[in-house]
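# Architecture at a glance
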Amino acid sequence: MQTHLESYLTEKIRREGHISFSDYMDIVLYNNAFGYYTNSKKIFGPKGDFVTAPISSSLFGEAISNEFINLSEDNPNLSILELGGGDGSLALSIISRLKKLDILPKHYIILEISEYLITIQKQKIKNQLPDLYDIFEWTNVLDKQKLNGLIIANEFFDALPTERFRIKNKKIDSLYIGYENNKLCYFWKSCNNSFYRELDIAKNNHEKLEYENYISELNLNYNKWISLLEGLLTSGVIFIIDYGYHSSEYFLKDRCDGTLVCMHNHTPNFNPLINIGRQDISTFVNFTHISNIAKSLNLLVDGYISQSSFLINLGILNIFEEKKYSEEQKIIELNRLKNLLLPNTMGEIFKVLVLKKNLDNQLLSTKKLNHLHKL
Ligand SMILES: C[S@@+](CC[C@H](N)C(=O)[O-])C[C@H]1O[C@@H](n2cnc3c(N)ncnc32)[C@H](O)[C@@H]1O
């Protein structure tokens, strides 16, 4: 028996024909009622499918709050915008620390597509920061807002619907999803010129992709999001924190099956056509692609840095040392800290792209070990 989501998909394909992979990903993750992020299934934590940095340790958000404090020295009226609020952990850790130091933002805005997650985020803030509930705002679209301050996107860009492509017989085809013999299946169709143009931007013009039987991803949604952020930011900083690579690493010859990964019950798999609406689907972020888009707009690319160096620059080790943990708690928190920083966990796989607009300040987060030259 088909689930509601499967019936919706097969009906749509029957009516309209094959759908692009990005349309498929958009439906299975974000369909209003039945999508993975909207259907009230437990997503985060030990009983869900995965854990993100702010959920694994409050030190992550507390360290990020130091950049907000740095920016606020010149301008006391800044706001924070978080893209994709998850279970509310990042907002809670940032505002809890800023409250203690009495350097609060004017507004803390959470952009969230999922009504279910908005309810969880609101509950967490109401329970733990009742006196500050009023500085929070929730929205599911960015259109007319203007923002002076800090924008944070942690594990947001990996979750944006993407195209997948295949190089075969020296030709590039794009992936579509169809329905045959009672099941969803792959179809490959020739790419159009705008796809080729965007691929040039994603891989730097001089890099060649002369491979055979090679699959990878090109995210056509980056453009929309970076343009939106550039349009709404009057002055400030954007942190894009995610697992990903610069383009020469992204399009390595050996990475011939691409970067797409699905997560279900903390176990990865590489088949987006199973567990429909019950598993996360994401792709590694191509930071060169985002950086090239940002440069073509009114944004300055200030940093490309590992999560580990980013958090150490922000003073995460001092924040840890200043905590008054019990001996037992200290061991637990130290393990969480290691998870954020060590190269074999999140420290190196996760990178941060730091973008600036109309701002001269030296940022704390990019002061050392900045690898901008790799982009
Ligand atoms: C992988 S989760 C990361 C959550 C959180 N940032 C964290 O690090 O724990 C992606 C988040 O982005 C939200 N999201 C994805 N696409 C969105 C969109 N187009 N508009 C608003 N929120 C979106 C999801 O609902 C979810 O909260």
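All of these numbers come straight from a predicted model, not from anything done at the bench. (Residues numbered from 1 in each chain as written. Predicted model: local features only at pLDDT ≥ 70, side-chain atom pairs only at ≥ 80, totals over all residues. Heavy atoms only, no water.)

## Some details on the site of the ligand
- Residues in contact with the ligand amount to 17 residues; listed here are only the nearest, Thr 52, Gly 84, Gly 86, Glu 112 and Asn 154.
- The separation between a nitrogen atom of the ligand and a polar main-chain atom of Gly 84 is 2.7 Å.
- Looking at the shell around the ligand residue by residue, the classes come out as 10 nonpolar, five polar and two charged. (Near = heavy atom within 4 Å. Polar contact = N/O pair within 3.5 Å; in protein donor to acceptor, adjacent residues only side chain to side chain. Nonpolar A, V, L, I, M, F, W, Y, C, P; charged D, E, K, R; others polar.)

## Regarding the state of the cysteines
- By the definition in use, this model includes zero disulfides.
- Summary of cysteine pairing: Cys 262 is not part of a disulfide, and the nearest cysteine sulfur, belonging to Cys 185, is at 17 Å.
- Look at Cys 262 and you get buried, because its relative accessible area is 0%. (Disulfide = S-S within 2.5 Å. Buried < 20%, exposed > 50% of the residue type's maximum accessible area, 1.4 Å probe, protein only.)

## Digging into the pairing of strand S16 (residues 350–357)
- A large share of S16 lies buried, amounting to eight of its eight residues.
- Residues Phe 350, Val 352, Val 354 and Lys 356 line one face of S16 and the alternating positions Lys 351, Leu 353, Leu 355 and Lys 357 line the opposite face, and both faces are buried.
- Bridge analysis of strand S10 (residues 233–245) against S16 gives eight bridges, and the strand direction is antiparallel. Residue pairing in the sheet places Ile 240 in a bridge with Leu 353 of S16.
- Note: strand S15 (residues 300–306) against S16, six bridges, orientation antiparallel. If you follow Ile 305 over to S16, its bridge partner there is Val 352. (Helix = DSSP H or I, 4+ residues; strand = E, 2+ residues; numbered from the N terminus. Pairing = 2+ DSSP bridges.)

## What about the sheet that holds strand S12 (residues 267–269)?
- Reading across the sheet, the three strands line up as S12-S11-S13 and stay open at both edges, with antiparallel pairing between neighbours. Whereas interior strands pair on both sides, the edge strands pair on one side only; in this sheet they are S12 and strand S13 (280–282). With strand direction ignored, the average angle separating the axes of adjacent strands in the sheet is 30 degrees. (Axes fitted to C-alpha atoms, helices over the stretch in contact; angles between N-to-C directions.)

## Examining helix H10 (residues 287–296)
- With eight of 10 residues buried, H10 is to be regarded as a mostly interior element.
- Of the residues making up H10, those classed as buried are Phe 287, Thr 288, His 289, Ile 290, Ser 291, Asn 292, Ile 293 and Ala 294.
- For H10, the side-chain oxygen to backbone nitrogen distance between the N-cap and Thr 288 is 3.1 Å, and the N-cap itself is Asn 286.

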